[in-house]
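Examination of the molecular architecture
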Amino acid sequence: MTRSEFDDIRAHIAAEEGDSDDLLQIARSLLDDLEQARLREATLRAQYLGLLTAGRATVASDAVGDPDPLTFLRHELDKRGQLPAGDEEVVRILADAHMAEELLAHLEEAPPSRLRRSGRMRRCAGVARRLPH
């Protein structure tokens, strides 16, 4: 959704105030949550693009024989405060990377889970929720 669509929905909600104030308050809250999630996603996409670009530039620099091909990647990691600080952190990061590789390999090997198909709908069991009064 675009910023103007969020603004249009907010204006519509504001025009509807009256008998159903509780539902309108919930709608406002959900709209705020949705907008925050959209902003977080945009931020993460931008950070991912920066990291991907730095990774590609690092590999390209190495391919042409640059004396310090890690410059791009170091710069991007430093901007995010993610450069390893000491030997212990380096060891931990490498251990985490190896574990992540093993977990990903295991996920790729696991057969897809089968969904149970039945003629009846399953009933959701959980905590009951009430609207504020």
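Residues numbered from 1 in each chain as written. Predicted model: local features only at pLDDT ≥ 70, side-chain atom pairs only at ≥ 80, totals over all residues. Heavy atoms only, no water.

**Describing the overall build of the protein chain**
Helix and strand content of the protein chain: four helices and zero strands. Secondary structure elements of the protein chain, listed N to C terminal, follow the sequence α-α-α-α. Considering the protein chain as a whole, with its 133 residues, one finds that 8% of them fall into the buried category. Summarising the internal contacts of the protein chain: among those between residues at least 6 apart in sequence, 37% fall at separations of at least 24. Split by element, the accessible area of the protein chain, about 12000 Å² in all, is 57% carbon and sulfur. (Helix = DSSP H or I, 4+ residues; strand = E, 2+ residues; numbered from the N terminus. Buried < 20%, exposed > 50% of the residue type's maximum accessible area, 1.4 Å probe, protein only. Contact = heavy atoms within 4.5 Å. Areas by Shrake-Rupley, 256 points an atom, 1.4 Å probe, with all protein chains shown as cover.)

**Some details on the confidence of the model for the protein chain**
Scored by pLDDT, the protein chain has a mean of 82; 79% of the residues are at 70 or more. Of all the helices and strands in the protein chain, helix α1 (residues 3-15) carries the lowest mean pLDDT, 74, while helix α3 (residues 71-79) carries the highest, 94. (pLDDT = per-residue confidence, 0-100.)

**Side note on the environment of A27**
Counting through the fold element by element, A27 comes out in helix α2 (residues 21-63). For the pair A27 and I13, spaced 14 residues apart in sequence, the C-alpha to C-alpha distance is 7.7 Å.

**Observations concerning the packing of α2 against α3**
Orientation of α2 relative to α3, taken along the N-to-C sense of each, is 160°, at an axis distance of 7 Å. With respect to their mutual orientation, α2 and α3 come out roughly antiparallel. The way α2 lies across α3 gives a crossing that is left-handed. Where α2 approaches α3, its residues Q47, G50, L51, A54, G55, A57, T58 and S61 are matched on the opposing element by F72, L73, E76 and L77. The class makeup of the residues in the contact of α2 with α3 is six nonpolar, five polar and one charged. (Axes fitted to C-alpha atoms, helices over the stretch in contact; angles between N-to-C directions. Parallel < 35°, antiparallel > 145°, perpendicular 65-115°, else oblique. Left-handed = near helix turned anticlockwise from the far one by under 90°. Nonpolar A, V, L, I, M, F, W, Y, C, P; charged D, E, K, R; others polar.)

**Things to note about the pattern of salt bridges**
This structure, assessed with the given rule, holds six salt bridges. The residue E89 makes a salt bridge to R92 at a minimum N-O spacing of 3.6 Å. Taken together, the positions of E89 and R92, both in helix α4 (residues 87-109) and three residues apart, correspond to about one turn of that helix. On the accessibility criterion, E89 (25% relative accessible area) is partly exposed. Of the residues examined, R92 reaches a relative accessible area of 43% and is grouped as partly exposed. When salt bridges that share partners are traced, they join E76, K79 and R80 into one network. (Salt bridge = Lys/Arg side-chain N within 4 Å of Asp/Glu carboxyl O.)

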